[in-house]
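# Reading the structure
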Amino acid sequence: MSKAAELRELLTRPAVSRIVGARDPLTARMVEEAGFDGVWVSSFELSATRALPDLGLLTMTECLDAAALIDGATVLPSLVDCDTGFGAAINLVRVVRLCEAAGIAGICVEDKVFPKRNSYLDGGQVLEDPDVFAQRVEAAVRSRRDPDFTVVARCEALIAGAGMDEALRRAHHYVDAGADAVLVHSKRREPDEIVEFLRRWCRRAPVVVVPTTYYRWSLAEAQDAGVSLVIYANQALRACVLAVRTVLSEIHLRGDAATAEDSIAPVKEVFALTRTAEWEEWGA
Ligand code: SPV
Ligand code: MG
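Residues numbered from 1 in each chain as written. Chains lettered and ligands numbered in written order. Predicted model: local features only at pLDDT ≥ 70, side-chain atom pairs only at ≥ 80, totals over all residues. Heavy atoms only, no water.

## A closer look at the nonpolar core
Counting residues in each nonpolar core, the largest one holds 60 residues, and the members touching the most others are Val95, Ile107, Phe197 and Trp201. Sequence-distant contacts of Phe197, defined by excluding residues within four places in its chain, comprise Met164, Ala167, Leu168, Ala171, Val184 and Val207. In this structure, Cys108, Leu183, Val208 and Leu229 belong to the second largest nonpolar core, which totals 16 residues. (Core = buried A, V, L, I, M, F, W, Y, C linked by side-chain atoms within 4.5 Å. Buried < 20%, exposed > 50% of the residue type's maximum accessible area, 1.4 Å probe, protein only. Contact = heavy atoms within 4.5 Å.)

Pasting the structure below:
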């Protein structure tokens, strides 16, 4: 099965699926090892990895080059976060062509204006005109050569405070334009508005959610409410930030790495993750 067909299957099967943000190929391999279903190539994580804020600063090339490397390190399918689509409809057509050529399973594009701001930032969010965005979605869908290549339309109406009716209106519009699934985003600490969206959506098309702020919502609850795909978008990055800071400050304070040794991975684990033995069989 192609990776595109696998991602489509994850979105359409009755059971809820789970994908995880991986900012680099090694993390993608750990996502696979942990048993998750796929990889989320997150604009927030890719930006943060370059010590940049998630403000639409990454170019299309930077994003897709990183996505190809990440995708190449795992058998899992990847869903690539393409922010607002790097321009007009024709830019998204190029994204689809490049992703398909790289074997990437699908893209997600959001209905904000360029340059988008990360959804959790305080301050205003500016939504794209829904007709303009739907045209972009339609172009992406029409330009794919593999019918399994997935186009997820991300609705930011709840993030922007535009209300539930507007979120539903936009989501229906995007599915009418051909979107394979809708990512409905919320930054509430409880899943209440996501639950209401799902109730009124009546399973018209697969729904993707990102429970970063409403992290107590269980997988079983999400499945019962009608979610198809859960994205753990940034937990791996945040785990890394805390772990690295803790270990580095310990080494700096103590003047040795003795106690740090117990809380870091043995070098052998890195050898295993990078499949060193397999490479050595080639005669290294
Ligand atoms: C990302 O991970 O880049 C996302 C999800 O787009 S969020 O950060 O919640 O906007
Ligand atoms: Mg993003």
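## Comments concerning the coordination of the magnesium ion (ligand 2)
Donor atoms from the polypeptide that bind the magnesium ion (ligand 2) are Ser43 (OG) and Asp81 (OD), placed at 2.0 to 2.1 Å. Within this pair, whereas Ser43 is found in helix H3 (residues 43–49), its partner Asp81 is found in strand S3 (residues 78–81), the two being separated by 38 residues in sequence. Comparing Ser43 with Asp81, the two get one shared label, buried. (Donors = N, O, S within 2.8 Å, 3.2 Å for Na, K, Ca; no water. Helix = DSSP H or I, 4+ residues; strand = E, 2+ residues; numbered from the N terminus.)

## Quick notes on unusual backbone geometry
Cis geometry marks the peptide bond from Phe114 to Pro115; its omega dihedral reads -5°. One can find Pro115 in the loop between strand S4 (106–110) and helix H6 (130–143). Even without being glycine, Phe86 reaches a positive phi, approximately 60°. As for its position among the elements, Phe86 is in the loop between S3 and helix H5 (89–102). On the basis of relative accessible area, Phe86 is assigned to the buried category, the value being 18%. For Cys202, which is not glycine, the phi torsion reads 55° and is therefore positive. Within the fold, Cys202 resides in the loop between helix H8 (192–201) and strand S7 (207–209).

## Observations concerning the pairing of strand S6 (residues 181–184)
Burial along S6 is two-sided: Ala181 and Leu183 facing one way and Val182 and Val184 facing the other are all buried. One ladder, built from four bridges, connects strand S5 (residues 150–155) with S6; its direction is parallel. Residue pairing across strands places Val152 opposite Ala181, the latter belonging to S6. One ladder, built from two bridges, connects S6 with S7; its direction is parallel. Paired with Leu183 across the bridge in S7 is Val208. With respect to chirality, the unit in which S6 leads through H8 into the neighbouring parallel S7 is right-handed. (Pairing = 2+ DSSP bridges. Right-handed = clockwise from strand over helix to strand, strands pointing away.)

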